[in-house]
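Chain and residue survey
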Amino acid sequence: MQHISINIHLVLEDGSVFPGTSVGARGTVAAEVAFTTTMAGYQEAVTDPSYRGQALVFSYPLIGNYGISEAAAQSSTAQTRAVVMRQSRPEWSRWLDSQGVVALSDVDTRSLVRHIRSVGAMRCAAGEGDVSELLDLALAEPHIDYGRAVAEPELTMPPLALEVAVERPYQVGSGPTVVVVDLGCKRSVVRSIANAGMKAHVVPGTYDAGRILELAPSAVLIGNGPGDPAQLVDQVETIQRLLGNVPLFGICLGHQLIALAVGMKTFKLPFGHRGSNHPVHETKSGRVLVTSQNHGFAVQPAGGVSVTHVSLNDSTVEGIKGDGFNSVQFHPEAAPGPTDGIGFFEEMGKACRRVPTSQAS
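As the structure is a computational prediction, the values presented were derived from the model and not from experiment. (Residues numbered from 1 in each chain as written. Predicted model: local features only at pLDDT ≥ 70, side-chain atom pairs only at ≥ 80, totals over all residues. Heavy atoms only, no water.)

Moving on to the overall build of the protein. Across its full length, the protein carries 10 helices and 19 strands. In terms of C-alpha radius of gyration, the protein reaches 20 Å, essentially the compact-globule figure of 21 Å for 361 residues. Here the protein, with 361 residues, has 55% of them falling under the buried criterion. A separation of at least 24 residues holds for 68% of the contacts in the protein among residues at least 6 apart in sequence. Accessible surface for the protein amounts to roughly 15,100 Å². Of this, 49% is attributable to carbon and sulfur atoms. (Helix = DSSP H or I, 4+ residues; strand = E, 2+ residues; numbered from the N terminus. Rg over C-alpha atoms; globule rule 2.2 N^0.38 Å. Buried < 20%, exposed > 50% of the residue type's maximum accessible area, 1.4 Å probe, protein only. Contact = heavy atoms within 4.5 Å. Areas by Shrake-Rupley, 256 points an atom, 1.4 Å probe, with all protein chains shown as cover.)

The structure is reproduced here in structure tokens:
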């Protein structure tokens, strides 16, 4: 079916208006606006559960130029509420439409990204209708405290990670068991565990420490996911109960939750780290890794916890390590992006081989 061009708008909560053309599903949505600098992996980004509840802006000007592949999907469906682009290829536009994603093309994304970098993360609304109505919709959207004064009483976004976690456990691969606590974990993370010679036993993010240890894991990975880590109080308590009982690993949101569990604090970044070209300094070796990232929160450094990786863009904590735990803020599995950090899964494999096979019960 041929898509009929309709003029629509993206309206930010500060009143900024960005006109565009509808190339996705009809309708109007409100969300948090975020941008990514990645030049490829557009399907991986849109299906990444970490983008749940967001309107994703692609800074690269042409999106969809190599088509669609089921193998690239990081979950069973699109996770973003809206997608904003400078130019969109027809096949990609049709896929966004089929997924029910409101999508805008012909937007001045360069100006939009510069504005977000200047003002910071904010709510938005996208779709048809009067600009004033879209602004009202944006301001009515629940949100996380962005560190700025707002006219209306603060509204709080419910935990997004619990919306995208699996409902039933499943297993991939063979070898030592790594229990993956799913709070929106990408498929590529699970595949990377299996490719490294381990069995990934993926369980819902609501599993407590007792249920996890009953599975006799050689290691536990707290996976990536969306939202504010400080809202996941039960998951932090679960991690605290696991510490000392099984080797713990974390990626992205999982890294932040482990940090909270060992007494560190998290904070919201002005506009997040999202892209596949973020330089990270590995403190022990002195190496610089080019990494894939997708997160809006970061960990504050604290005494007593070893920082293993540091962002070369803004010096934020990108990795921590301690007695029985090891976590990274970036995505070592990439998808999309470079695989400089893939050794993280090798470290997981080494930890699994050090665990006595009789452990479990």
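Here Q79 lies in the loop between strand 5 (62-63) and strand 6 (82-84). Here the side chain of Q79 touches S75 through a polar contact of 3.0 Å, side chain to side chain. Other than its neighbours up to four places away in sequence, Q79 contacts V46, T47, D48, P49, Y51, R52, G53 and V164. (Polar contact = N/O pair within 3.5 Å; in protein donor to acceptor, adjacent residues only side chain to side chain.)

Glancing now at the packing of helix 8 (residues 233-242) against helix 9 (residues 253-261). In the contact formed by helix 8 and helix 9, the axes pass within 9 Å of each other and the chain directions differ by 70 degrees. The angle between helix 8 and helix 9 falls in the class roughly perpendicular. Two packed elements cross with a definite hand, and for helix 8 against helix 9 that hand is right-handed. On helix 9, the residues that touch Q235, V236, I239 and Q240 of helix 8 are L257, I258, L260 and A261. Of the residues belonging to the contact of helix 8 with helix 9, the class tally is 6 nonpolar, 2 polar and no charged. (Axes fitted to C-alpha atoms, helices over the stretch in contact; angles between N-to-C directions. Parallel < 35°, antiparallel > 145°, perpendicular 65-115°, else oblique. Left-handed = near helix turned anticlockwise from the far one by under 90°. Nonpolar A, V, L, I, M, F, W, Y, C, P; charged D, E, K, R; others polar.)

We now examine the sheet that holds strand 9 (residues 122-127). The 7 strands lie next to each other as 1-2-8-6-4-3-9, forming a closed barrel whose pairing is mixed. Each adjacent strand pair in this sheet contributes to an overall mean axis angle of 35 degrees, direction not counted. Examined bridge by bridge, strand 1 (residues 7-12) and strand 9 share 4 bridges and lie antiparallel to one another. Within the sheet, the bridge partner assigned to H9 lies in strand 9 and is G127. Contacts between helix 4 (residues 131-140) and the sheet are confined to strand 1, strand 2 (17-22), strand 3 (28-36) and strand 9, with strand 9 contributing the most and set at about 140 degrees to the helix. (Pairing = 2+ DSSP bridges.)

Of all 13 residues making up strand 16 (residues 288-300), 10 are buried, and the element is well covered by its neighbours. In this antiparallel pair of consecutive strands, strand 15 (residues 265-282) and strand 16, the connection spans 5 residues, and G286 shows a positive phi of 85 degrees.

There is a patch of like positive charges on the surface, built from K284, K321, R353 and R354. A relative accessible area of 62% places R354 in the exposed class. (Patch = residues over 30% accessible without salt bridge, like charges linked within 9 Å, V, L, I, M, F, W, Y side chains within 5 Å. Salt bridge = Lys/Arg side-chain N within 4 Å of Asp/Glu carboxyl O. Lys, Arg positive; Asp, Glu negative; His and termini not counted. Charge placed at Lys NZ, Arg CZ, Asp CG, Glu CD.)

Before going further, it helps to examine the pattern of salt bridges. Two side chains of opposite charge can pair, provided their charged atoms sit close to one another. Applying the stated rule across the entire model yields 10 salt bridges. Of the charged contacts in the structure, one is a salt bridge between E32 and K268, with a shortest N-O distance of 3.0 Å. With E32 in strand 3 and K268 in strand 15, the pair connects residues that are 236 residues apart, well separated along the chain. You'll find E32 and K268 in the same group, each marked buried. Taking the shortest distance from any N to any O, the salt bridge between E347 and K350 comes out at 3.6 Å. Here E347 and its partner K350 are both found in helix 10 (residues 343-354), 3 residues apart, which amounts to about one turn of the helix. What makes E347 partly exposed here is its relative accessible area of 30%.

With that out of the way, let us pick up the environment of V131. With respect to the element layout, V131 can be found in helix 4. Spatially, the C-alpha atoms of V131 and S218 are 54 Å apart, while their sequence positions differ by 87 residues. Excluding anything up to four places from it in sequence, V131 contacts H9, V11 and V17.

What follows deals with the environment of D182. Relative to the helices and strands, D182 is located in strand 11 (residues 177-182). Setting aside residues up to four positions removed in sequence, D182 forms contacts with V164, A165, V166, V202, V203, P204 and G205. Polar side-chain contacts of D182 include one of 2.9 Å to the backbone nitrogen of V166. A polar contact of 2.7 Å, which involves the side chain of D182, links it to the backbone nitrogen of C185.

The biggest cluster of nonpolar side chains holds 28 residues, and the ones touching the most others in it are V220, I222, L248, L257 and I320. When residues of this core are traced back to their parent elements, those giving at least two are strand 11, helix 7 (209-213), strand 13 (219-222), helix 8, helix 9 and strand 18 (317-322). Among all residues touching I320, those that are not within four sequence positions of it are H255, I258, A259, M264, V305, S306, V307, T308, F325, N326 and S327. Counting residues in hydrophobic clusters, the runner-up holds 23 residues, among them V180, C185, V202 and L221. (Core = buried A, V, L, I, M, F, W, Y, C linked by side-chain atoms within 4.5 Å.)

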